[in-house]
Amino acid sequence: MSTSEALLVPRRERGWRMGLRSMMSKELAAWWKTRRWWVQCLVALLLLNGMLAVNLNGGRGTPNAMENATIALMVTAALFVPVAAISLAQDSILGEKHSGTAAWVLSKPLRRPAYLLAKLIANGLGLFVAWVVLPGVSVYLQLLKPADGYFTALRIAGVMGLHYLNLLFFLTLAMMLATFFNSRGPVLGISLMLAWAGPMPFISGPILKYAPWLYDILPWKLLIDFNTNRQLAFYVANGQPLPTVTPIIATALWCVLFTAVAIWRMSREEF
Amino acid sequence: MSTQIHSQNHMMNTTPYVIETYELCKTYKKIRALQSLNLKVKPNSICGFLGPNGAGKTTTIKLLLGLAQPTGGSAQVFGKDIRKENDEIRRRVGYLSQDPRYYEYMTARQTLRFTASFFYKGPRAVIEQRVSETLDLVGLADKADRPVKGFSGGERQRLGIAQAQINYPDLLILDEPAASLDPQGRHDVLDVMERLRKHTTIFYSTHILDDVQRVSDTVVILNKGELVAQGPIEEVLAWGQADSFTLTIKGDSLGVETRLRSQPWVRSLEEMSRNGRVSWLIRVSDRELAEAKLVPLALAGGGVTICEFGCKTQNLEDVFLNIVKESNHEYK
């Protein structure tokens, strides 16, 4: 044994946590020590706050300007922001499966649940800062004067919380799908179909007719509801009691289920 | 056929093997990638793992590392079961894959730091020292702070060797370590392996048989998912060598060939060249009989001049090709 080997303190993590700390550091560094963080922040600000600004300015003087602007913000958050989460998740898993880096790190003392959880936590945190906190603070500031303080910080935080739950749903869904499939097509296709099918009026017709209960167990009602215009975010933004919390609980449960299935599937993956 | 070559010492050795597999199998859908592999690797040996493309070498390595699961049989590394105790195995193993890939945005130093973080939690200065000495060892010190994205194939391979042994592994598993290296790089890799020999066991697959002959002390040969030879390199090299003769003649080659083929102790006759002279590689089952009778048999019909006769000295490539060829015949 060499001198330096004798001085090194070995890691002794066991079970599902083995390698979690190392993998998490690496995943966080991939967010915060590369250009990813500012690219994501910039896109989030341009997309969400840009959309709000355009609608606020465009509708200035009209009676429903404020309502239209906030609806536009939520539509953007519901329909387009999940693309960021889906794309990050599939790059994170599928990209590594394809490039061979997954096989490389998994040949080290790293458990597969730790590998997945590190990605989930780091991406969840990155999305939270870039797509929720930063735009949320900006939305608050943007609405402060035009709404004359109507949208309190708490209400904005509530709406952004629903937005984050929606994002987590698509992040965990895409991660789970990426553990099952080896090509991007099915991961993107299934995730986007779920993101758009419920809210889009021309697709949602058959769902409303044959399986309306899906709206209660999927995140479709959290941010927008073209059919009734009574999305949960509407109630939160106006400080009204929620008519139902089922979609919130169901979405949270889906996130847990998707993560559990992803871990199960990853444990069976062969490289 | 399975040519098991064991020295007496090997069989008597009570030291546990570093790698030991029992009837290890792997089937992908309907393709049998590995069939009943019984492999043994002794501590502190350099074991060359040979076989044609698709023989099952990488599959075996992946099974040992838990990157794939066996469909039959079992295996132990350091006496630990590859299915149940793979975490413990991976703590003590360094692995270089066939086509090493890293996170492209990381520098070589960051890659090694990241790898080391799976094994050690500190002290930071000692980890940094280990990273630097490993970079030195593989000749990447001057490129340590360049992103891996710009690395050539050879540089990636060197980085692969560095990351594989950052944790002072008890077992180093290298899948084609010299595949994309230039002659100097290959030479350096072999030097590194020689230096590591006293600290670790090295199990490596390769196609470069000269390298195997130079550094390995044991050899395992796989063909079509089956083990066809295993043993100390001297014995594998000796296999077939004592039983092969070369004979070069001028004259009635057809008559000589007919007489030789009719002998029950002649196992095979392979024509090697025909430029006015005819040369054969003759494999026999009885060496003494062959030594005594081959020349008289050749001369028996008259009109024949013996130009050359001798025991065939084979290198590993000859042995490898012969073993693979014979096992292929058995499959047919």
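Residues numbered from 1 in each chain as written. Chains lettered and ligands numbered in written order. Predicted model: local features only at pLDDT ≥ 70, side-chain atom pairs only at ≥ 80, totals over all residues.

Colleague: Looking at this model, I keep getting lost on the overall build of chain A. Mind explaining?
Modeller: Broken down by element type, chain A carries 14 helices and one strand. Taken along its principal axes, the extent of the C-alpha atoms in chain A is 80 × 45 × 30 Å. Residue pairs in contact within chain A that sit at least 24 positions apart in sequence constitute 74% of those at least 6 positions apart. (Helix = DSSP H or I, 4+ residues; strand = E, 2+ residues; numbered from the N terminus. Contact = placed C-beta atoms within 7 Å.)

Colleague: Is there a simple way to explain the confidence of the model for chain B in this structure?
Modeller: It should be kept in mind that the predicted coordinates are not to be read in detail where pLDDT is low. All names here are of chain B. Residues with a pLDDT of 70 or more make up 93% of chain B, whose mean pLDDT is 86. When pLDDT is averaged over each element of chain B, helix α4 (residues 108-117) comes out on top at 96 and helix α1 (residues 8-12) at the bottom at 38. Predicted confidence for residues 1-15 stays below pLDDT 50, and this span has 25 contacts to residues more than four positions away or in other chains. Confidence estimates for the predicted assembly give a pTM of 0.83 and an ipTM of 0.86. (pLDDT = per-residue confidence, 0-100.)

Colleague: What is the right way to read helix α3 (residues 36-58) of chain A from this model?
Modeller: All names here are of chain A. With 23 residues, α3 should cover 33 Å at 1.5 Å per step; its first-to-last C-alpha distance of 32 Å lies within 8% of that length. The largest bend in α3 comes to about 30°, at G50. Buried positions along α3 lie against α4 (65-79) and α7 (112-144). (Expected span 1.5 Å × (residues − 1). Bend = angle between axes of the 7 residues up to and from the residue.)

Colleague: Could you clarify how one ought to interpret the nonpolar core in this entry?
Modeller: Across soluble globular proteins, nonpolar side chains show a tendency to be buried alongside one another. A85, A174, M175 and A233 of chain A together with I173 of chain B are the most contacted members of the largest nonpolar core, which has 151 residues in total. Examining the composition of this core, we find that 17 residues originate from one element, helix α8 (residues 153-180) of chain A, more than from any other. In this view, I173 of chain B contacts I61, L64, L65, V93, Y95 and F203 of chain B; residues no more than four positions away in its chain are not counted. In terms of nonpolar packing, the next biggest core, distinct from the first, is built from twelve residues, L247, V266, V278 and V284 of chain B among them. (Core = buried A, V, L, I, M, F, W, Y, C linked by C-beta atoms within 7 Å. Buried ≥ 20, exposed ≤ 12 C-beta atoms within 10 Å, placed from the backbone.)

Colleague: How should I be thinking about the interface of chain B and chain A in this particular structure?
Modeller: Where the parts come together, the accessible area they lose is often given as the size of the interface. Listed by partner, the interface residues are 29 residues for chain B and 26 residues for chain A. Those elements that provide at least two residues to the side of chain B that touches chain A are α2 (57-65), α3 (86-91), α4, β9 (120-122) and α5 (124-137) of chain B. In terms of residue count, the dominant contributor to the side of chain B that touches chain A is α5 of chain B (four residues). In terms of residue class, the side of chain B that touches chain A is built from 15 nonpolar, six polar and eight charged. Inspection of the sheet shows strand β1 (residues 9-10) of chain A paired to β9 of chain B by two bridges, in the antiparallel sense. (Nonpolar A, V, L, I, M, F, W, Y, C, P; charged D, E, K, R; others polar. Pairing = 2+ DSSP bridges.)

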